[in-house]
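Fold and contact review
Listed below are the residues making up each chain.
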Amino acid sequence: MLAREREQPIRTVNVSTENKIDQRIIVKYDLEDLEAVLIKELAYKGAFAFSLSSPDHHILNDYIITRILDLCQEKTGRSYYKKEICISDNYLTLLEDIETELKEANVCNNILELAQDNNKLNIFIIVWNHILPPPILERKTLRFFEEIEEKCLNYLNKSQQCLFFILADTNCTYNTNGFLAIKTPNEFNLNGRKGLLEWFRNELSNRDFVESEISYCIDKLKGQKGDLIGTYCVLQQIINELNGRILNNG
């Protein structure tokens, strides 16, 4: 019966409310290299700029960036304000892109005002690049971090605040001048005591899922052979299934 269910393109697993899984569960897994970099670099005040890249928006946003937000909040003990923009070629510099976006959204006039209007909150500005090639991206980011420090660093230090910039690049891999490059994993390690399969099996077991459901999930994860994007997508599908939703598995 279980084998026949696995062959079906659509599957629903009925679970009790107590067994439902947080959609953010994957954020807790692995990323030890990311933690090591952030723990080394972060302080309780100041300006910080990171760059990361992946062709998949969800990997960057839901996995990597979410982990960064959590770690920074844990490190400083402060909540945060987050603003996302998509970089374009309409303006000469990255700072112009950001400040124009802030003005058009009626948030504030410039970066310094943003920090001042959100007193005692960490500020996150996440800039997405989906279209610009490396030469244009390099031109737009030139001297960006130096400009930010000139405008905001004194205020941030006095107010005990952090200002974080994350350049999230889905179009190319480019080590931006002044930004700390954060490495995106190439794949998930599936096997071994610290592998994804054992970790997820343990998570499901702790929530009292039955062995047939756990084995079904593990087999689906194995099918992606550790591919970062494929495994992540299937993991999200599994979580939705286990939470009682109906999804196309194709």
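Residues numbered from 1 in each chain as written. Predicted model: local features only at pLDDT ≥ 70, side-chain atom pairs only at ≥ 80, totals over all residues. Heavy atoms only, no water.

**Focus: the overall build of the protein**
In terms of helices and strands, the protein carries 10 helices and seven strands. Of all 250 residues assigned to the protein, the portion counted as buried reaches 49%. At a minimum sequence separation of 6, the contacts of the protein that also span at least 24 residues come to 78%. Looking at the protein as shown, the accessible area adds up to about 12,800 Å², and 46% of this sits on carbon and sulfur atoms. (Helix = DSSP H or I, 4+ residues; strand = E, 2+ residues; numbered from the N terminus. Buried < 20%, exposed > 50% of the residue type's maximum accessible area, 1.4 Å probe, protein only. Contact = heavy atoms within 4.5 Å. Areas by Shrake-Rupley, 256 points an atom, 1.4 Å probe, with all protein chains shown as cover.)

**Comments concerning helix H9 (residues 211–222)**
The end-to-end C-alpha distance of H9 is 16 Å, a good match for the 16 Å that 12 residues give at a rise of 1.5 Å each. Turning to H9, its buried residues are Glu-213, Ile-214, Ser-215, Tyr-216, Cys-217, Ile-218, Lys-220 and Leu-221. (Expected span 1.5 Å × (residues − 1).)

**Here we look at the pattern of salt bridges**
One pass over the structure, following the stated rule, counts nine salt bridges. Between Arg-139 and Asp-89 there is a salt bridge, and its shortest N-O distance comes to 2.7 Å. Note that Arg-139 is positioned in helix H6 (residues 134–141) and Asp-89 in the loop between strand E3 (80–86) and helix H4 (94–104), a separation of 50 residues in sequence. For the salt bridge of Lys-151 with Glu-99, the shortest nitrogen-to-oxygen distance reads 3.2 Å. (Salt bridge = Lys/Arg side-chain N within 4 Å of Asp/Glu carboxyl O.)

**Examining the confidence of the model for the protein**
Per-residue pLDDT for the protein has a mean of 80; in total, 82% of the residues score no lower than 70. Across the protein, the element-wise mean pLDDT spans from 36 in strand E7 (residues 247–248) up to 92 in strand E4 (residues 122–129). A low-confidence stretch, residues 1–17 stays under pLDDT 50, and its non-local contacts, those more than four residues away or across chains, total 31 contacts. This model gives residues 245–250 a pLDDT under 50, and the stretch forms 23 contacts once residues within four places in sequence are excluded. (pLDDT = per-residue confidence, 0-100.)

**Regarding the packing of H4 against helix H7 (residues 144–159)**
The interhelical angle for the contact between H4 and H7, taken along N-to-C directions, is 55 degrees, at an axis separation of 9 Å. Classed by the angle they form, the pair H4 and H7 counts as oblique. Between H4, through Leu-94, Leu-95, Ile-98 and Glu-99, and H7, the contact on the second element is made entirely by Phe-144, Glu-147, Ile-148 and Lys-151. When the residues that make up the contact of H4 with H7 are grouped by side-chain class, the tally is five nonpolar, no polar and three charged. (Axes fitted to C-alpha atoms, helices over the stretch in contact; angles between N-to-C directions. Parallel < 35°, antiparallel > 145°, perpendicular 65-115°, else oblique. Nonpolar A, V, L, I, M, F, W, Y, C, P; charged D, E, K, R; others polar.)

**Details of the sheet that holds E4**
An order of E3-E4-E5-E2-E6 is seen for the five strands of this open sheet, with the pairing classed as parallel. Every other strand in the sheet has two partners, leaving E3 and strand E6 (180–181) as the edge strands with one partner each. The sheet contact formed by E4 and strand E5 (residues 162–169) spans seven bridges and is parallel. By the bridge assignment for E5, Phe-124 is matched with Phe-164. Each of strand E2 (46–53) and E5 is contacted by H7, which is oriented at about 140 degrees to E2, the strand it contacts most. (Pairing = 2+ DSSP bridges.)

**Here's the deal with the packing of aromatic side chains**
Counted by the stated rule, this structure contains eight aromatic pairs. An angle of 20 degrees between the planes, with centres 5.2 Å apart, marks the rings of Phe-48 and Phe-164 as stacked. Highlighted residues: Phe-48 in strand E2 and Phe-164 in strand E5, separated in sequence by 116 residues. Under the relative-accessibility criterion, Phe-164 is labelled buried at 0%. Arranged with centres 5.5 Å apart and planes meeting at 20 degrees, the rings of Phe-144 and Phe-179 form a pair that is stacked. Placement of the pair is Phe-144 in helix H7 and Phe-179 in the loop between E5 and E6, with a sequence separation of 35 residues. Judged by relative accessible area, which is 9%, Phe-179 ranks as buried. (Phe/Tyr/Trp six-rings, centres within 6.5 Å; stacked < 30°, edge-to-face > 60°.)

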